[in-house]
Amino acid sequence: MTSDFPWQAGTATGVGSYPGDDPVEALRIVLGELPELPHLPELPARGPGADLTGRTAGLLVDMPVRVEPSGWRFSDRPGRDTLRSLDHLARDLDVLEEVAGGHDGPFKIQVCGPWTLAATIELRHGDRALKDPGAVRDLVASLAEGVAAHVADVRRRLPAATIVLQLDEPGLPAALAGTVPTASGFSRLRAIEAPVAEEALRQVIDAADAFPVVHCCARNVPYGLLRAAGAKAISVDLGLVPRRDDDAVGETIDAGVGLFLGVVPGTDAALPSLRATAEPVKELWRRFGFPPARLAEQVVITPACGMAGASPRYVRDALKRCRDTARMLHEAAE
């Protein structure tokens, strides 16, 4: 079951975002601190088009977007905002090829998932795309096509790498619960039915020829839905995983699905000891009674979420702590 993971035992990685605006420096930090599973850094400090929504909206096929005071909105034709998104990504991929073109292990890229995208992009008249089932279907099809092309582009630039695709879905639990606010903020959008949410995720996952991870740094992670949609690993903030999720988490582990566990704060904080950082992971594993050796194979250690709000010095310390924690968990299981 666990032999199919593209990473080796005792691995750590990052979630996605970093501070600053220099893609060369950010990628070199990632490659230096997270050599077993590096990823393409996201730098939202560069402005619109480098943020989670805008970066992925630039991948959409035949669905241009623009920035309004309220956020991202679909538009009739590509304008400067769509072009800015594409320029940021093109620059990042050129840097990736130049700095890491010879990488021959797993390499992770991140895109916004369909439900978080639908909850954050507005239709032309102002309502969130999530409100219109037809708009959501168009968005999912466009995203699937765009993500497939993006994965293929990354693979051309990293021909020896195994591509890991992370779909960021922090907004999925709210979409399922019916708590996403309308554009006015005075009411809530109707809840999305679980089979509909699952099918949309599956469509994007199936279109991309990559190892699929779904990241959800929110409460009420729908583990079963994500597994059914085809996720081969699920990324969560361990601090937001309550005991009531034990059955769902245990079933996920038993099914051979990887867990990316966020255990290091994503913004500047005093880091506890290495042992204290690892203990929540070990305690979770002990509750289920799975073999200790399997922990290091199936679990990847990460920061709790993106690190765009952290200082550059803290980023290095936090990534080193993730890597040291993963290594310690592996050594303890041997």
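Please refer to the structure higher up on the page.
Residues numbered from 1 in each chain as written. Predicted model: local features only at pLDDT ≥ 70, side-chain atom pairs only at ≥ 80, totals over all residues. Heavy atoms only, no water.

Points about empty space enclosed by the protein
Phase 1 of the analysis: Scanning the entire structure with this criterion turns up three cavities of 30 Å³ or more.
Phase 2 of the analysis: The computed volume of the largest cavity comes to approximately 50 Å³.
Phase 3 of the analysis: Looking at the largest cavity, the residues that line it are Pro-23, Ala-26, Leu-27, Leu-40, Pro-41, Leu-43, Asp-92, Val-95 and Leu-96.
Phase 4 of the analysis: Sorting the residues of the lining of the largest cavity by element identifies α1 (23-33) and α3 (80-100) as the ones contributing at least two each.
Phase 5 of the analysis: The residue makeup of the lining of the largest cavity, split by class, is eight nonpolar, no polar and one charged.
Phase 6 of the analysis: Looking at the second largest cavity, its volume works out to about 40 Å³.
Phase 7 of the analysis: Lining the second largest cavity, in full, are Leu-40, Arg-55, Thr-56, Leu-59, Leu-89, Gln-110, Val-111 and His-150.
Phase 8 of the analysis: Where the lining of the second largest cavity is concerned, the elements lending two or more residues are α2 (52-57) and β3 (106-112). (1 Å grid on protein atoms, 1.4 Å probe; cavity = no way out; pocket = protein on both sides within 12 Å on 5 of 7 lines; lining within 4 Å. Points joined across faces, edges and corners; volume = space filled by probe spheres on them. Helix = DSSP H or I, 4+ residues; strand = E, 2+ residues; numbered from the N terminus. Nonpolar A, V, L, I, M, F, W, Y, C, P; charged D, E, K, R; others polar.)

Structural notes on the sheet that holds β3
As a general point, the strands of a sheet are linked pairwise by backbone hydrogen bonds and lie either parallel or antiparallel.
Phase 1 of the analysis: Taken together, six strands build an open sheet; the order of strands is β3-β5-β6-β7-β8-β9 and the sheet is parallel. Strand pairing shows two members of the sheet lacking a second neighbour, β3 and β9 (299-303), which therefore form its edges. Recorded for the sheet is a direction-independent mean angle of 25° between the axes of neighbouring strands.
Phase 2 of the analysis: Bridge analysis of strand β8 (residues 258-264) against β9 gives five bridges, and the strand direction is parallel. Its bridge partner being in β9, Val-264 is matched across the sheet by Pro-303. (Pairing = 2+ DSSP bridges. Axes fitted to C-alpha atoms, helices over the stretch in contact; angles between N-to-C directions.)

Remarks on the side chain of His-39
Phase 1 of the analysis: Relative to the helices and strands, His-39 resides in the loop between α1 and α2.
Phase 2 of the analysis: Residue classification places His-39 among the buried residues on the basis of a relative accessible area of 0%.
Phase 3 of the analysis: Beyond its immediate chain neighbours, meaning those up to four positions away, His-39 contacts Thr-13, Gly-14, Val-15, Gly-16, Tyr-18, Leu-27, Val-30, Leu-34, Phe-107, Lys-108 and Gln-110. (Buried < 20%, exposed > 50% of the residue type's maximum accessible area, 1.4 Å probe, protein only. Contact = heavy atoms within 4.5 Å.)

What to know about the pairing of strand β6 (residues 211-215)
Phase 1 of the analysis: With five of five residues buried, β6 is to be regarded as a mostly interior element.
Phase 2 of the analysis: One ladder, built from five bridges, connects strand β5 (residues 162-168) with β6; its direction is parallel. Each residue of the ladder has a partner; that of Leu-165, found in β6, is Pro-212.
Phase 3 of the analysis: For the handedness criterion, the β-α-β arrangement of β6, helix α8 (residues 223-229) and strand β7 (residues 233-237) is classed as right-handed. (Right-handed = clockwise from strand over helix to strand, strands pointing away.)

With respect to the sheet that holds strand β1 (residues 65-68)
Phase 1 of the analysis: If you walk across this open sheet you meet the three strands as β1-β2-β4, and the pairing is mixed. One side of each edge strand has no neighbouring strand; the edge strands of this open sheet are β1 and β4 (121-122).
Phase 2 of the analysis: Where strand β2 (residues 71-74) and β4 come together, two bridges link them in parallel fashion. The partner of Arg-73 across the bridge, within β4, is Glu-122.

Topic: the state of the cysteines
Phase 1 of the analysis: Applying the stated rule across the entire model yields zero disulfides.
Phase 2 of the analysis: Unpaired in terms of disulfides, Cys-322 finds its nearest cysteine sulfur in Cys-305, a separation of 12 Å.
Phase 3 of the analysis: Judged by its relative accessible area of 0%, Cys-322 falls in the buried class. (Disulfide = S-S within 2.5 Å.)

Structural notes on the pattern of salt bridges
Phase 1 of the analysis: Per the stated rule, a full pass over the model turns up 21 salt bridges.
Phase 2 of the analysis: Across the pair Glu-68 and Arg-66 runs a salt bridge whose closest N-O atoms are separated by 2.5 Å.
Phase 3 of the analysis: Across the pair Asp-324 and Lys-320 runs a salt bridge, and its minimum N-O distance is 2.8 Å. On the criterion of helical spacing, the pair formed by Asp-324 and Lys-320 is a turn pair, its members being four residues apart in helix α12 (residues 312-333).
Phase 4 of the analysis: You can call Lys-320 partly exposed: its relative accessible area is 44%.
Phase 5 of the analysis: Here the salt bridges do not stand alone but share partners, grouping Asp-94, Glu-97, Asp-153, Arg-156 and Arg-157 into one network. (Salt bridge = Lys/Arg side-chain N within 4 Å of Asp/Glu carboxyl O.)

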